[in-house]
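Survey of secondary and tertiary structure
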Amino acid sequence: MRKRLIYRCDDVGYTEAYDLGIFKVLDSGIGCSADVMLDSMHVREALKKLKERPWLSVGWHRHLWERPVLPPEEVPSLVNEEGRFKWGHRRQDLMKEATYEDAYKEFKAEAQLCYNILGRYPDVSSCRNSDIPLEKAFEDVLNELGIPHNYFFAEGSPRRPVKTVPQTQYAHLNIISDMSAVSQSYKMEDWAAYDPFKGLMNPQWTEKEEIFFYGWHPGYLDDHILAESSCSIHRVRELQCALSEKYRRWIIDNHIELINFRDALYGTSEFQDHLRDIGSDLYMGSK
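Structure report, in brief.

Procedures and definitions
Residues numbered from 1 in each chain as written. Predicted model: local features only at pLDDT ≥ 70, side-chain atom pairs only at ≥ 80, totals over all residues. Heavy atoms only, no water. Salt bridge = Lys/Arg side-chain N within 4 Å of Asp/Glu carboxyl O. Helix = DSSP H or I, 4+ residues; strand = E, 2+ residues; numbered from the N terminus. Buried < 20%, exposed > 50% of the residue type's maximum accessible area, 1.4 Å probe, protein only. Contact = heavy atoms within 4.5 Å.

Turning our attention to the pattern of salt bridges. Counted according to the given criterion, the structure contains 21 salt bridges. Put simply, Glu144 and Lys108 hold a salt bridge, and the shortest N to O gap is 3.0 Å. Placement of the pair is Glu144 in helix 4 (residues 133-145) and Lys108 in helix 3 (residues 100-118), with a sequence separation of 36 residues. Of the charged contacts in the structure, one is a salt bridge between Glu135 and Arg128, with a shortest N-O distance of 3.8 Å. What makes Arg128 partly exposed here is its relative accessible area of 40%. A cluster of three or more residues bridged by salt bridges with shared partners is formed by Arg120, Asp123, Arg262 and Glu270.

Here is the structure:
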């Protein structure tokens, strides 16, 4: 039975401190894919680092939490008086106020920023099932640029009840994200009981040879993240687990093949080839 796994690092580009941690995971051989927030404050530096690591796939992690790439006056329906996205982390309902025209311009600008620095558009993304103009604009940009999206099945959790059905051309690949294994709560009072190993070591492959992936947030904290994000101390716990000998040994002992999203979609072996070339103990091919 072939066991393939994508360890996706989320929120890349969030802050300089956060990226210090997440690039440790990406450089350890564990992290296979980097999901980038193209509107975040450290994104340009992150994209430069990712260009130096072509074995990683790059996803468009579209949160719209920070500031638009375009000048605020060019996208007035997206921003507040401070020039930040008006909905931030906690007022997603305000996305309904965004016009299609403003959202489309901003998404094209974000994609172009990625192209200008990385040398290509994001490899993958996800869009939500919604009729609001902002979501329609995002889907149109993804389709226009040929960026694969909604390519996986996602079983939801009580915290995030969602079921994503992949596009027809990807359904046969059996790419699965089981979010029920991820933390049920980001409340500070629940942090002491949080054990990311339960999610990290949760995949159960069958003869269908599913490709599992999870999005994790392994990185350091700073004042900005602590002030803005409900996912805070969880990040350093996930960093500790990702870099642990326990998790690395689980991958090796269970003969788990780490791959990136391009490998999953197109049948390539970029990530394993990289592990082979650097002599990593995570390489699952012929020694």
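Back to the write-up after that little detour.
Tracing the backbone through its elements, the reader meets Ile117 in helix 3. Assessed through its relative accessible area of 16%, Ile117 is described here as buried. C-alpha of Ile117 to C-alpha of Glu245: the two residues are 128 residues apart in sequence and 34 Å apart in space. Those residues in contact with Ile117 that sit more than four places away from it in its chain are Arg44, Leu47, Lys48 and Lys51.

What is shown is where atoms sit, not what they do.
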